[in-house]
Amino acid sequence: MINNLFFGYAALRLNYTGLEDNRPEPVALSLPGEVSLLAGCTPDQALLVAKKKTLLKKGEDVRTGQRLRLFETEDVFLLSTVTGTVSGVGLYTGPLGRKLVRVNIVPGKEEVTDDGLFDTDNLDPASAHKFISQLPGRMRLLPLQGDLPPINELVVCAGEKDISVVSNQYALKHDGRRVADGIELLKRVSGVKKVTLAVPGDLAPCAGGMGARVLSLSRQYPAASPRLIAKEILGRAVPAAKPLAREGLAFISTETAAALGRIAQREAGVFDKTLSLVLKNGTSILVKVRIGTPISHILSLFNQSLVEGDYLIGGGPLTGVAIHDPDYTISPYMDGILVCAGEDILENGDYGCINCGKCVRVCPARVPVNLLVRHLTRGDYLKASDHFNLDSCLECGLCTYACVSKIPILQRIKLGKMKLRAMKQEVIDGGRAQ
Ligand code: SF4
Ligand code: SF4
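As the structure is a prediction and not an experimental result, all values here were calculated from the model.

Peer 1: Looking at this structure, I do not really get the overall build of the protein. What am I missing?
Peer 2: Broken down by element type, the protein carries 12 helices and 16 strands. Scaling as 2.2 N^0.38, a compact globule of 434 residues should have a C-alpha radius of gyration of about 22 Å, and the protein matches this with 22 Å. Counting only C-alpha atoms, the protein reaches 70 × 55 × 50 Å along its principal axes. For the protein, buried positions account for 50% of its 434 residues. Relative to all contacts within the protein whose residues are 6 or more apart in sequence, the contacts with residues 24 or more apart total 68%. Surface accessibility of the protein: about 21,000 Å² in total, with carbon and sulfur atoms responsible for 52%. Averaged over its 52 positive side-chain charges, the protein has a centre that lies 6 Å from the centre of its 45 negative ones.

Peer 1: Explanation requested: the nonpolar core in the structure shown.
Peer 2: If you look at soluble globular proteins, the nonpolar side chains tend to sit buried side by side. Within the largest apolar cluster, 37 residues are counted, with the highest numbers of intra-cluster contacts made by Phe131, Val156, Leu197, Leu260 and Ile263. Residue assignment for this core shows that the elements contributing at least two residues are β5 (77-79), α2 (125-132), β8 (153-157), α3 (167-174), α4 (176-190), β9 (195-200), β11 (249-253) and α6 (254-264). Those residues in contact with phenylalanine 131, other than ones at most four positions away along the chain, are Arg67, Phe77, Leu79, Leu117, Leu123, Leu260 and Ile263. If you look at the next biggest cluster of nonpolar residues, it comprises 23 residues, including Ile163, Leu217, Ala223 and Leu244.

Peer 1: Explain the sheet that holds strand β7 (residues 99-107) to me, please; I cannot follow it from the model alone.
Peer 2: Strand pairing within a sheet occurs via backbone hydrogen bonds; the two strands may be parallel or antiparallel. Spatial strand order, β2-β7-β6-β3: four strands in an open sheet with antiparallel pairing. On the outer flanks of this sheet lie β2 (35-40) and β3 (61-62), each paired with one strand and no other. One ladder, built from two bridges, connects β3 with strand β6 (residues 84-93); its direction is antiparallel. What sits directly across from aspartate 61, in β6, is threonine 85.

Peer 1: Whenever I open this one, the pairing of strand β16 (residues 336-340) confuses me. Can you help?
Peer 2: Both faces of the sheet carry side chains from a regular strand, because those side chains alternate between them. Burial within β16 is extensive, with five of its five residues counted as buried. Both faces of β16 are covered, namely the face carrying Gly336, Leu338 and Cys340 and the face carrying Ile337 and Val339. By the bridge criterion, three bridges tie strand β12 (residues 272-278) to β16 in an arrangement that is parallel. Bridged to serine 276 within β16 is glycine 336. As paired strands, strand β14 (residues 311-314) and β16 are joined by four bridges and run antiparallel to one another. The residue bridging isoleucine 313 from the neighbouring strand is leucine 338, located in β16.

Peer 1: What is the right way to read helix α1 (residues 43-50) from this model?
Peer 2: In an α-helix, one turn spans 3.6 residues, which is why side chains three or four residues apart end up on the same side. All of the buried residues along α1 are Gln45, Ala46 and Val49. Looking down the long axis of α1, one finds its buried residues gathered within 105° of arc, a one-sided arrangement. Away from its buried face, by an angle of more than 90 degrees, α1 presents the exposed residues Pro43, Asp44, Leu47 and Ala50. Summarising the contacts, the buried residues of α1 are in contact with β2, β6 and β7. Just past α1, the residue lysine 52 takes up positive phi, approximately 55°.

Peer 1: Is there a simple way to think about the confidence of the model for the protein in this case?
Peer 2: Parts of the prediction with low pLDDT should not have their coordinates interpreted in detail. This prediction gives the protein a mean pLDDT of 89; 92% of its residues lie at or above 70. No element of the protein has a lower mean pLDDT than α2, which averages 79, and none a higher one than β3, which averages 98.

Peer 1: For this particular structure, what's the right way to read the sheet that holds β16?
Peer 2: If you walk across this open sheet you meet the six strands as β1-β13-β12-β16-β14-β15, and the pairing is mixed. With one partner strand each, in any of the chains shown, β1 (27-28) and β15 (321-322) form the two edges of the open sheet. Running over the sheet, α3 touches β12 and β13 (284-290) and is turned about 130° from β12.

Peer 1: I would appreciate a short explanation of the site of ligand 2 in the present structure.
Peer 2: The environment of ligand 2 is formed by Cys353, Ile354, Asn355, Cys356, Gly357, Cys359, Asn370, Cys403, Val404, Ser405 and Ile409. Within the shell around ligand 2, the residues separate by chemical class into seven nonpolar, four polar and no charged.

Peer 1: Explain the packing of aromatic side chains here, please?
Peer 2: Given two aromatic rings, their pairing is described by the distance between the two centres and the angle made by the two planes. Summed over all chains, the structure comprises two aromatic pairs. Centre to centre, the rings of tyrosine 16 and tyrosine 221 are 5.3 Å apart; their planes meet at 65°, and the pair counts as edge-to-face. Here tyrosine 221 lies in the loop between β10 (213-217) and α5 (226-234) and tyrosine 16 lies in the segment before β1, a separation of 205 residues in the sequence. Tyrosine 221 carries the same exposure label as tyrosine 16, and that label is buried. For the ring pair tyrosine 92 and tyrosine 328, a centre distance of 6.2 Å and an interplane angle of 20° mean the geometry is stacked. With tyrosine 92 in strand β6 and tyrosine 328 in the loop between β15 and β16, this pair connects stretches of sequence that are 236 residues apart. Considered together, tyrosine 92 and tyrosine 328 belong to a single accessibility category, that of buried residues. Positioned above the aromatic ring of phenylalanine 77, the side-chain terminus of arginine 67 is 4.4 Å from the ring centre. Here arginine 102 stacks its cationic end above the ring of tyrosine 92, 4.4 Å away from the centre of that ring.

Peer 1: Just to check I follow, could you spell out the site of ligand 1 for this structure?
Peer 2: In the region of ligand 1, the neighbouring residues are Cys363, Pro364, Val369, Cys393, Leu394, Glu395, Cys396, Gly397, Cys399 and Ile413. Among the residues making up the shell around ligand 1, the classes are represented as eight nonpolar, one polar and one charged.

Parameters at a glance
- Residues numbered from 1 in each chain as written.
- Chains lettered and ligands numbered in written order.
- Predicted model: local features only at pLDDT ≥ 70, side-chain atom pairs only at ≥ 80, totals over all residues.
- Heavy atoms only, no water.
- Helix = DSSP H or I, 4+ residues; strand = E, 2+ residues; numbered from the N terminus.
- Rg over C-alpha atoms; globule rule 2.2 N^0.38 Å.
- Buried < 20%, exposed > 50% of the residue type's maximum accessible area, 1.4 Å probe, protein only.
- Contact = heavy atoms within 4.5 Å.
- Areas by Shrake-Rupley, 256 points an atom, 1.4 Å probe, with all protein chains shown as cover.
- Lys, Arg positive; Asp, Glu negative; His and termini not counted.
- Charge placed at Lys NZ, Arg CZ, Asp CG, Glu CD.
- Core = buried A, V, L, I, M, F, W, Y, C linked by side-chain atoms within 4.5 Å.
- Pairing = 2+ DSSP bridges.
- Arc of directions from axis to C-beta.
- pLDDT = per-residue confidence, 0-100.
- Axes fitted to C-alpha atoms, helices over the stretch in contact; angles between N-to-C directions.
- Near = heavy atom within 4 Å.
- Nonpolar A, V, L, I, M, F, W, Y, C, P; charged D, E, K, R; others polar.
- Phe/Tyr/Trp six-rings, centres within 6.5 Å; stacked < 30°, edge-to-face > 60°.
- Lys NZ or Arg CZ within 6 Å of the ring centre and 35° of its normal.

As structure tokens, this is what we get:
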């Protein structure tokens, strides 16, 4: 019986980019004259950086993989991605206005890997989380930290965060042995026995013999989103307010597993990141570049110059963020750089939401996007979270793609989540101070 005249028809179908057999090997790029490593910081830590009171000082020599401690707190550190000399420690404002600490290092002539990088026997849960999150390909959901319940299932994902990137597929297909070694290392560090490899269906033959059960993913975006994978594994959706970690699930990408495999085998190249570079003429090239390399260095190697009105997007076309500074550096989780000519970028519309409902129909998380967007536009983030499912958003970007008024919905959602986190942190810090 039809009991509702209104229905949603998800006509928008976007597929992930596949990894064709004839795709050339990644182009290995040279080291820049200086790398920059970035880390989030609390307001108190930012003050220490501003007063030049960090433990790490300009002029110190560092080795690849060395833990660079900035503050007294043991579990706060950066892993150096090169061997060289620290040329500066300062504050930096990243995309969406995030305050970051920036450590600049001038690489030396010889590369020496720090023995501590291979010392995986002494990783406690908090530092293991910090350590693994600085390897190439980080997924944000590794719950080895805090008061979370023990992990009972580890999900290693060869699916991608966006439609035009292939980093994780590449790792599975070309670094399979290292992925398997990385899975073994993770099992040892975390004590987890149950591992699932989530792979796009056509790559399932590459996933055999890795000590993991294989979950086949659809090619339709955003099937590789951790919450959608969790739904497949658990047979039910996890409520938005509940972190997946509370269900005992931990996620990492195959690229991270391959980096751990290199660590297990004491190999070089741990901090090389594979990413898709899309040039202004639309050519897509797979490149291998050291984490911390400024984007400007990569652009110069490909003779790409930016003129007024051009855009740099870090990530893919649906989930990427605009980068304001060509010297912004390659992070562990940046799987793509899009260099876009001004005319290829759609201007944000001057219109407000016309309530057409397209965004609602395409949303895989069933967020009432049209209502949410009104509160986000007004900056009413608390109401957006409490009443309009801000936290349920998977950050897939389909709503922005579909929006007829060209409202940058995903950017507003990301900003809203960031502001809310900061507000909650202020309340916690305020409570502690009393
Ligand atoms: S980005 Fe938009 S479409 Fe995707 S889950 Fe979030 S609200 Fe829904
Ligand atoms: S697609 Fe855009 S204009 Fe249409 S309801 Fe959603 S936010 Fe409003």
